[in-house]
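Residue strings, one per chain:
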Amino acid sequence: MKVKGRVWKYGDDINTDVIFPGKYTYTVLDLEEMAKHALEDLDPSFAKEVKPGDLIVAGKNFGCGSSREQAATCLKAAGVGAVVAKSFARIYYRNAINQGLPIVQCPEVYDAVEKGDEMEIDFDKGEIRTSKGDVFSFSPLPEFVRGILEDGGLIPHIKKKLGKS
Amino acid sequence: MGMTFAEKVLAKKAGLSSVKPGDIVTVEPDRAMSHDNAAPISKIFKSIGVEKVWNPEKIVIILDHAVPAPTDKHAKNHRDIRKFVEEQGIKYFYDVNSDGGVCHQLFCEEGFALPGHVIVGSDSHTCTYGAFGAFSTGIGRSEMAAVWATGQIWFRVPESMKIEIEGSFPEGVYAKDLILKIIGDIGADGADYKSVEFTGSAVKEMSISERMTLCNMVIEMGGKNGVVEPDDKTLSYLQGIAKGDFEVIKADPDARYEKILKYNLSELEPVVAKPHTVDNVSPIKEVEGLKVDQAFLGTCTNGRVEDLRIAARILKGRRIAKGVRLIVIPASWRVYKEAMKEGILETLIEAGAVVGPPGCGPCMGNHLGILAPGEVCISTANRNFKGRMGNPESEIYLVSPATVAASALRGVITDPREVL
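Time to look at the packing of aromatic side chains. Enumeration over the complete set of coordinates arrives at 18 aromatic pairs over all chains. With centroids separated by 5.8 Å and ring planes inclined at 80°, the aromatic side chains of Phe45(B) and Phe84(B) adopt a geometry described as edge-to-face. Taken together, the positions of Phe45(B) in helix 2 (residues 38-48) and Phe84(B) in helix 3 (residues 72-88) put the pair 39 residues apart, joining distant regions of the chain. By the burial criterion, Phe45(B) is buried, and Phe84(B) matches it. Feature note: the residues Phe62(A), Phe88(A), Tyr92(A), Tyr93(A) and Tyr193(B) constitute an aromatic cluster, connected by ring pairs. Positioned above the aromatic ring of Tyr110(A), the side-chain terminus of Lys9(A) is 4.3 Å from the ring centre. When the ring centre of Phe112(B) is taken as origin, the NZ or CZ atom of Lys243(B), which lies over that ring, is 5.2 Å away.

Shown next as structure tokens:
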């Protein structure tokens, strides 16, 4: 699996409230609508300008805070191809995989890219290539976790396991 | 080689003689807790194609996030949950009634948080139940739907860290100051993925309520779970209310920890977490005198009788400053009734407080205390993220109940030791 897109860059401790505000958690349930509120309290330009395949690059502890999985769902719905961060908060890491949103822990990428750069991620090789020519490698996700991502998220994965798909 | 608390619990539940950090285990949780998000979870559950939940006695649903329903969308959400509870025969359902409250508070009061249990909840502050020696952790909606369908969840066995706490609290310093201080020291990701064990003579001295405050905020330093070893205090709290059997599981004395931190309470002072991150912690002195528009006493961190009592002691016979609003939300109706009987609510109302029904409303910007742009709120909650209380242009300062009361009294951020 490969994804290629433009970089959006944010700092450390990007929390679930600024990714998807709590006030919408019981009122905004439609995917298209959720995408419109993605990163609303951090960068209002994001939802308006994001293009399918775009990549988010962030600092440490991306997704800290709530267990609200819409903070992963809204990015996927907005077309984000993957999030590359120095590190992820634990619940977010699980939620992203369960929502079929690819995430990559690769601290070196942060200083090598700017907003608007192009970047390609090869998940099979565990490799990131930037438009400036830098190449970074990352440890592939555990096989068990890759299985969930490959099935498109936890629910399709469970359905497959239970023979319901 | 001995095992930590997390290693012992997960090994036992997975039917293994031992596990080590990094191992992946699959276990059946003892309880699965959800709140208002049980409605979207039920829709995901149905999409899986399984007819009935794995065990209707192990699922607990507590309505608290937007209660009573502030909009028709929230009302429909609650209606969908009631219908689902009925059709699935879910045994433990707490509706918007005077036997309810904030999920984490009620879950403990009702005796669901038990030593040695593995508990998952579709809320990040599920780690609160570690105060009773449970391994409890937050998960997302889809993951909860999968638990309802299969009764199974996978865990990566976490590394563990130990926080040894000695000494006793100086006047005006509380468990909230301690946990904020720890988070400030190690950072918002200082315990990322880790199991955090609170030990030491000071923890043994702490009340159940104080232990809940500590464990509640473990998620704010990235922890997977937080835990206090059960003792006589725990067992006496659980006497007569424990819902089901349990086994006290303790870390082995020779268990391996990735990190050990030491704190002495006598060195602490009142602190504050400044906007917009929980680890932006400094002594209260640094922000003293800043004007506050709203003071909020409540939430699953600090909405218990002990917390309300601390505030009432400061506000008794006094009146809050002009230009500040004090909002008090007891964490459960049991707390509300006890505070009523003790005269705490009367004291707070006489001082100018608005007492709301138990629930989570203002904490994450649902209702009953939303901030206007430019406003400052001093709060006993666990998060001060930008926009958390409904408006991204407002500011939230996290403190102890005493500091909230002192600041409401003066109308500016105030060191509680000045008014005690």
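Next comes the rest of the account.
It is worth spelling out the sheet that holds strand 9 (residues 195-199) of chain B at this point. Residues and elements named next belong to chain B. What the four strands build is an open sheet, ordered 10-9-8-11; its pairing is parallel. Only two strands of the sheet have a single neighbouring strand rather than two, namely strand 10 (225-228) and strand 11 (259-264). The sheet shows a mean angle of 20° between the axes of neighbouring strands, taken without regard to direction. Sheet analysis places strand 8 (residues 160-166) next to strand 11, joined by six bridges and oriented parallel. In the strand pairing of strand 11, Glu164 is matched with Lys262. Helix 6 (residues 175-186) contacts strand 8, strand 9 and strand 11 of the sheet and is inclined by roughly 135° relative to strand 11.

Moving on to the environment of Gly116(B). All names here are of chain B. For Gly116, the location among the structural elements is in the loop between helix 4 (103-109) and strand 5 (118-121). Here Gly116 falls in the buried class, since its relative accessible area comes to 4%. Remark: the alpha-carbon pair of Gly116 and Val9, spanning 107 residues in sequence, is separated by 6.3 Å. Ignoring anything within four residues of it in the chain, the contact list for Gly116 reads Val9, Lys13, Asp30, Gly133, Ala134, Glu247 and Ile249.

The subject of this paragraph is the pairing of strand 14 (residues 294-298) of chain B. Residues and elements named next belong to chain B. Buried residues dominate strand 14, accounting for five of its five residues. What you see with strand 14 is no split at all: Gln294, Phe296 and Gly298 on one side and Ala295 and Leu297 on the other are buried throughout. Two elements, strand 14 and strand 15 (residues 325-329), share five bridges in a ladder whose sense is parallel. Within the sheet, the bridge partner assigned to Ala295 lies in strand 15 and is Leu326.

Take the nonpolar core next. One finds Phe46(A), Ile56(A), Phe62(A), Leu75(A), Tyr92(A) and Trp148(B) to be the most contacted residues of the largest nonpolar core, which totals 84 residues. Core analysis: the second largest hydrophobic core is formed by 63 residues, Met33(B), Ile219(B), Leu268(B) and Met389(B) among them.

Bringing the sheet that holds strand 2 (residues 55-58) of chain A into the picture now. Residues and elements named next belong to chain A. Here seven strands make up an open sheet; going across it, the order is 4-3-2-1-5-6-7 and the pairing mixed. Two strands lie at the open edges of the sheet, namely strand 4 (103-105) and strand 7 (135-137), each paired on one side alone. Taking each pair of neighbouring strands and ignoring which way they run, the sheet shows an average axis angle of 25°. By the bridge criterion, three bridges tie strand 1 (residues 2-9) to strand 2 in an arrangement that is parallel. Directly across from Val7, in strand 2, lies its bridge partner Leu55.

This brings us to the environment of Gly226(B). Residues and elements named next belong to chain B. Summarising the element assignment, Gly226 is placed in strand 10. What makes Gly226 buried here is its relative accessible area of 0%. In sequence terms Gly226 and Ala372 are 146 residues apart; their C-alpha atoms lie 34 Å from each other. Not counting residues within four places of it along the chain, the set of residues in contact with Gly226 comprises Cys127, Gly130, Ala134, Val196, Cys215 and Val218.

Quick look at the side chain of Ser400(B) now. Note on placement: Ser400(B) falls in the loop between strand 18 (395-398) and helix 14 (401-410). The contact partners of Ser400(B), leaving out residues within four places of it in the chain, are Tyr174(B), Lys176(B), Asp177(B) and Thr380(B).

With that settled, the discussion passes to the environment of Gln152(B). All names here are of chain B. Turning to its location among the elements, Gln152 is positioned in the loop between helix 5 (141-150) and strand 7 (153-156). Among the residues examined, Gln152 registers a relative accessible area of 37% and is labelled partly exposed. Note: C-alpha distance between Gln152 and Ser379 (227 residues apart in sequence) is 37 Å. Excluding its chain neighbours within four sequence positions, the residues that come into contact with Gln152 are Thr26, Val27, Glu28 and Val147.

We now examine the interface of chain A and chain B. With 39 residues of chain A at the contact, the number on the chain B side is 47 residues. Along the contact surface separating chain A from chain B lie three salt bridges. Linking Asp189(B) and Lys60(A) is a salt bridge whose minimum nitrogen-to-oxygen distance equals 3.4 Å. Summed over the shared surface of chain A and chain B, the number is 22 residue pairs in polar contact (both at pLDDT 80 or more). Mapped onto the side of chain A that touches chain B, the elements with two or more residues apiece are helix 1 (16-19), helix 5 (90-98), helix 7 (143-150) and helix 8 (154-161) of chain A. With six residues, helix 5 of chain A is the largest single contributor of residues to the side of chain A that touches chain B.

What counts, and where the lines are drawn
- Residues numbered from 1 in each chain as written.
- Chains lettered and ligands numbered in written order.
- Predicted model: local features only at pLDDT ≥ 70, side-chain atom pairs only at ≥ 80, totals over all residues.
- Heavy atoms only, no water.
- Phe/Tyr/Trp six-rings, centres within 6.5 Å; stacked < 30°, edge-to-face > 60°.
- Helix = DSSP H or I, 4+ residues; strand = E, 2+ residues; numbered from the N terminus.
- Buried < 20%, exposed > 50% of the residue type's maximum accessible area, 1.4 Å probe, protein only.
- Lys NZ or Arg CZ within 6 Å of the ring centre and 35° of its normal.
- Pairing = 2+ DSSP bridges.
- Axes fitted to C-alpha atoms, helices over the stretch in contact; angles between N-to-C directions.
- Contact = heavy atoms within 4.5 Å.
- Core = buried A, V, L, I, M, F, W, Y, C linked by side-chain atoms within 4.5 Å.
- Salt bridge = Lys/Arg side-chain N within 4 Å of Asp/Glu carboxyl O.
- Polar contact = N/O pair within 3.5 Å; in protein donor to acceptor, adjacent residues only side chain to side chain.

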